[in-house]
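Here is how the chains run, residue by residue.
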Amino acid sequence: MSVLDDIVAGVRADLSEREEQTGLADLRAALADVDPPRDPMPHLRAPGSSVIAEVKRRSPSKGDLADIPDPAELATAYAAGGAAAISVLTERRRFGGSLDDLRAVRAAVDTPVLRKDFIVTSYQLVEARAAGADLALLIVAALDDDTLRRLHDEARELGLTVLVEVHDEVETERAVALGAELIGVNARNLKTLEIHDDTFGRLAPLIPDDRVKVAESGIFGPADVRRFVGEGARAVLVGEALVKDGDPQAAVAAMTGVQA
Ligand SMILES: O=C(O)c1ccccc1NCC(=O)[C@H](O)[C@H](O)COP(=O)(O)O
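Because the structure is predicted, anything quoted here is derived from the model rather than measured.

Visitor: Hey, could you run me through empty space enclosed by the protein in this one?
Guide: Any empty space left between the atoms is revealed when a probe the size of a water molecule rolls over them. With the rule as written, the count across this model stands at 2 cavities of 30 Å³ or more. Approximately 330 Å³ is the volume attributed to the largest cavity. Taken together, 28 residues make up the lining of the largest cavity; nearest its centre are Lys56, Phe95, Lys116, Arg188 and Ser217. At the level of elements, helix 1 (3-21), strand 6 (135-139), strand 10 (235-238) and helix 11 (240-243) are the ones that each hand at least two residues to the lining of the largest cavity. Classifying every residue of the lining of the largest cavity gives 15 nonpolar, 6 polar and 7 charged. Approximately 40 Å³ is the volume attributed to the second largest cavity. Around the second largest cavity sit Val185, Ala187, His196, Asp197, Thr199, Phe200, Ala215, Glu216, Ser217 and Phe228, which together line it. Listing elements by their share of the lining of the second largest cavity, those giving two or more residues are helix 9 (199-203) and strand 9 (212-216). Here the lining of the second largest cavity is composed, by residue class, of 5 nonpolar, 3 polar and 2 charged.

Encoded structure:
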């Protein structure tokens, strides 16, 4: 079993408990009281690099990263630094996150908020929107083609912007064929956890230039951002470097608006 399979198995186990507590019909009814979704695309399409700044406590590859007792405070610093979106890892077992983190962040900032999780069912999409998420992540490696397409369509119907994440050539072709507008290239292989910093440069040419290309993982400063922008990235998704920085506002600002 790969790391990704193991994470998804845990996600499904937690999910079935939540589904027992709140049925899909009740969750859908809650959508009526939720703020309309915020559109991240104008910011992400603007010239110069955009930053999707992540709230990430720990990870399978690095263990504990930061306590983050107040995710809203961290998100406020990211927003002040000019983040285009804030990514909140809501997976509990391996990343220490929750939907409560997402709700707190959404209430604290005007910036669009991404539910970063291992989404494999419609329920999780409705749950994301009901908690206030503006974007949702779909990881191509975790989904067969029919499920990927169905979840992509359902997310769009809910008003969510979808970040479709790829790691290799075949996944990239699947994301492009899907019509994904926002495609994240993750340098971290989710099966081995190794980072290959040539992944974005290899896969970006396979993605048409009318899509927004996001470089993800292993990004530590403006020099990394400049390199990825030179290879066609409009945005970078950064976790570890920001949660460990004593001045996350300045760290986001330094990675924002970088030109090739
Ligand atoms: O971060 C991990 O170890 C990890 C392991 C397995 C699946 C996903 C994982 N991370 C999710 C992410 O994609 C990253 O949090 C995100 O790209 C930010 O990466 P970084 O800046 O390197 O923290």
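There is more to say, and it comes next.
Visitor: Quick question: what am I supposed to make of unusual backbone geometry here?
Guide: Most of the time, phi is negative for any residue but glycine, and the peptide bond is trans. One non-glycine residue, Leu193, adopts positive backbone phi at about 70°. Tracing the chain through its elements places Leu193 in the loop between strand 8 (182-186) and helix 9. In this structure, Ser217 is a non-glycine residue whose phi angle is positive, near 80°. Mapping Ser217 onto the fold places it in the loop between strand 9 and helix 10 (222-230). A relative accessible area of 13% places Ser217 in the buried class.

Visitor: What's the story with the packing of helix 1 against helix 6 (residues 122-130) in this structure? I'm lost.
Guide: The angle between the axes and the distance between the axes are what describe a pair of packed helices. As a packed pair, helix 1 and helix 6 sit with axes 11 Å apart at the nearest point and diverge in direction by 65°. Classified by the angle between their axes, helix 1 and helix 6 sit roughly perpendicular to one another. Every pair of crossing elements has a handedness; the one defined by helix 1 and helix 6 is left-handed. Residue-level inspection shows Val11, Leu15, Arg18 and Glu19 of helix 1 in contact with helix 6, the latter providing Tyr123, Gln124 and Glu127. Classifying every residue of the contact of helix 1 with helix 6 by side-chain character gives 3 nonpolar, 1 polar and 3 charged.

Visitor: Honestly, the UniProt feature "domain: Indole-3-glycerol phosphate synthase" (unreviewed entry) in the protein chain in this entry has me stumped. Any pointers?
Guide: UniProt feature "domain: Indole-3-glycerol phosphate synthase" (unreviewed entry): in the numbering of this structure it lies at residues 4-254. With 43% helix and 18% strand, residues 4-254 has end C-alpha atoms that lie 32 Å from one another.

Visitor: Sorry if this is basic, but what is going on with the site of the ligand here?
Guide: The local shell around the ligand holds 21 residues, among which Glu54, Lys56, Ser61, Lys116 and Ser217 are the closest. Here an oxygen atom of the ligand and a side-chain polar atom of Ser61 are 2.5 Å apart. Here Arg188 contributes a side-chain N or O atom positioned 3.1 Å from an oxygen atom of the ligand. Looking at side-chain class alone, the shell around the ligand contains 9 nonpolar, 6 polar and 6 charged residues.

Visitor: How do you make sense of the environment of Arg106 when you look at a structure like this?
Guide: With respect to the helices, strands and loops of the structure, Arg106 is situated in helix 5 (residues 99-108). On the accessibility criterion, Arg106 (6% relative accessible area) is buried. Considering only alpha carbons, one finds Arg106 and Leu4, 102 residues apart in sequence, at a separation of 27 Å. With near-sequence residues (within four places) excluded, Arg106 lies in contact with Asp35, Pro36, Pro37, Arg38, Val113, Arg129, Gly132 and Asp134. A polar atom in the side chain of Arg106 sits 2.9 Å from the backbone oxygen of Gly132. Within the local environment of Arg106, its side chain forms a polar contact with the side chain of Asp134, the two groups lying 2.8 Å apart.

About the thresholds
- Residues numbered from 1 in each chain as written.
- Predicted model: local features only at pLDDT ≥ 70, side-chain atom pairs only at ≥ 80, totals over all residues.
- Heavy atoms only, no water.
- 1 Å grid on protein atoms, 1.4 Å probe; cavity = no way out; pocket = protein on both sides within 12 Å on 5 of 7 lines; lining within 4 Å.
- Points joined across faces, edges and corners; volume = space filled by probe spheres on them.
- Helix = DSSP H or I, 4+ residues; strand = E, 2+ residues; numbered from the N terminus.
- Nonpolar A, V, L, I, M, F, W, Y, C, P; charged D, E, K, R; others polar.
- Buried < 20%, exposed > 50% of the residue type's maximum accessible area, 1.4 Å probe, protein only.
- Axes fitted to C-alpha atoms, helices over the stretch in contact; angles between N-to-C directions.
- Parallel < 35°, antiparallel > 145°, perpendicular 65-115°, else oblique.
- Left-handed = near helix turned anticlockwise from the far one by under 90°.
- Contact = heavy atoms within 4.5 Å.
- UniProt positions renumbered as here; feature names shortened; annotations may be inferred.
- Near = heavy atom within 4 Å.
- Polar contact = N/O pair within 3.5 Å; in protein donor to acceptor, adjacent residues only side chain to side chain.

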